[in-house]
Amino acid sequence: MRHETPDDAEVSDPNRVPDNTFPELDGVRHRYVRLPGLRMHVAEAGHGDPVVLLHGFPQHWWEWRGVVPGLAEHYRVICPDLRGAGWTDAPPTGYTRAQLLADVEALLDALDLDRVCLIAHDWGALLGYELCLSAPHRVRKHLSLGVPHPFVRFDPRLLTAIARHGWFEPVIAAPFLGPSLLGRGRQRLTYHLLRGFTTGRNTWSERDVELFAGRLREPARAHAASALYRCFIMRQAARIMMGAYRHTRLATSTRVLVGAEDPIVRPEFLGGFEGHTDDFGVEFVDGASHFLVDERPDVVLERSLAFFASA
């Protein structure tokens, strides 16, 4: 007799979440949402007005563990695993700007969310700007974490910083080399990405590192990560540097938090938004580098609550 496995249960009921599938966080409930061509995992907590959180790389919904409980006291918190990440499907294609944006908008439609507040980090923040620019009616307020805004002016010093500290980007994007280094063997590149861009080694517990690195051991996810860098992250960075947004206006009220010790996103590179935005502010957070959600969840929570509650 053939016995049903957890994978079989998922096929028979696509919204059912098997026990012990996800790391436990008090108050968080899990489900799968069927989108066009994609089954997306979503972690949710709380009730009330919706706040959507878009994670960065090489992370997934667990990135938000330090802010979800506090946000959930006031809002309905929605943390999707984006295409290829976490427990969402990792198809071989679809890692373009247009498709990733379509995924997010399809999720909002599937959850009947007309307008949300948005918190986004790293490549999720690149995607967050795209959502605000293409569908401003869907985002009430926008908190961007750890990346330059799309109006930065070309500065050769920024290219120098990227070459020095972001050397891994073309390595990840390489079709065979990137997936191998991210997901196989000792995963030194993955561990470097997690531990090399924080202010201290105590930022991560061993469990946290394993939760992020472990997902990339699945070959499909390692290949998805490479495609993400190749088809979206590096292309989007190039578009920004080449001035693709010089004639664009950001109507959504936006705040930017950047780690004060981030080696790439420095204060001298974050001008240029003047004349492109209606309501915009930048703050550098002490005691944080790139992974400021993990390093200073207290600041992210405090700033988001104050910002979303303001008129």
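Use the structure listed above.
The structure contained in this document is the topic of the report that follows. Note that the structure is predicted; figures quoted are calculated from it, not measured.

### Details of the state of the cysteines
At step 1: Enumeration over the complete set of coordinates arrives at 0 disulfides.
At step 2: Not part of a disulfide, C79 finds its nearest cysteine sulfur in C117, a span of 14 Å.
At step 3: Assessed through its relative accessible area of 2%, C79 is described here as buried.

### Thoughts on the packing of aromatic side chains
At step 1: All chains considered together, the criterion is met by 12 aromatic pairs.
At step 2: Between W204 and F212, the aromatic rings sit 5.9 Å apart at their centres with planes inclined by 85 degrees, giving edge-to-face as the arrangement.
At step 3: By relative accessible area, F212 is classed as buried at 1%.
At step 4: Within the aromatic cluster, the residues linked to one another by ring pairs are F22, Y32 and W87.

### Regarding the pattern of salt bridges
At step 1: Counting across every chain of the model gives 17 salt bridges.
At step 2: Between D109 and R138 there is a salt bridge, and its shortest N-O distance comes to 2.8 Å. Here D109, found in helix α3 (residues 97-110), pairs with R138, found in the loop between α4 (123-134) and β6 (139-145); they are 29 residues apart in sequence, far enough to count as distant.
At step 3: In this structure, a network of salt bridges that share partners links the residues R31, E44 and R76.

### Side note on the side chain of T88
At step 1: Turning to its location among the elements, T88 is positioned in the loop between β4 (76-80) and α3.
At step 2: Accessibility expressed as a relative area gives 0% for T88, which makes it buried.
At step 3: A polar side-chain atom of T88 sits 2.8 Å from the main-chain amide nitrogen of H41.
At step 4: Separated by 2.5 Å, the side chain of T88 and the backbone oxygen of D81 make a polar contact.
At step 5: Among residues more than four places away in sequence, those in contact with T88 are L38, R39, M40, H41, D81, L82, R83 and R221.

Conventions adopted
- Residues numbered from 1 in each chain as written.
- Predicted model: local features only at pLDDT ≥ 70, side-chain atom pairs only at ≥ 80, totals over all residues.
- Heavy atoms only, no water.
- Disulfide = S-S within 2.5 Å.
- Buried < 20%, exposed > 50% of the residue type's maximum accessible area, 1.4 Å probe, protein only.
- Phe/Tyr/Trp six-rings, centres within 6.5 Å; stacked < 30°, edge-to-face > 60°.
- Salt bridge = Lys/Arg side-chain N within 4 Å of Asp/Glu carboxyl O.
- Helix = DSSP H or I, 4+ residues; strand = E, 2+ residues; numbered from the N terminus.
- Polar contact = N/O pair within 3.5 Å; in protein donor to acceptor, adjacent residues only side chain to side chain.
- Contact = heavy atoms within 4.5 Å.

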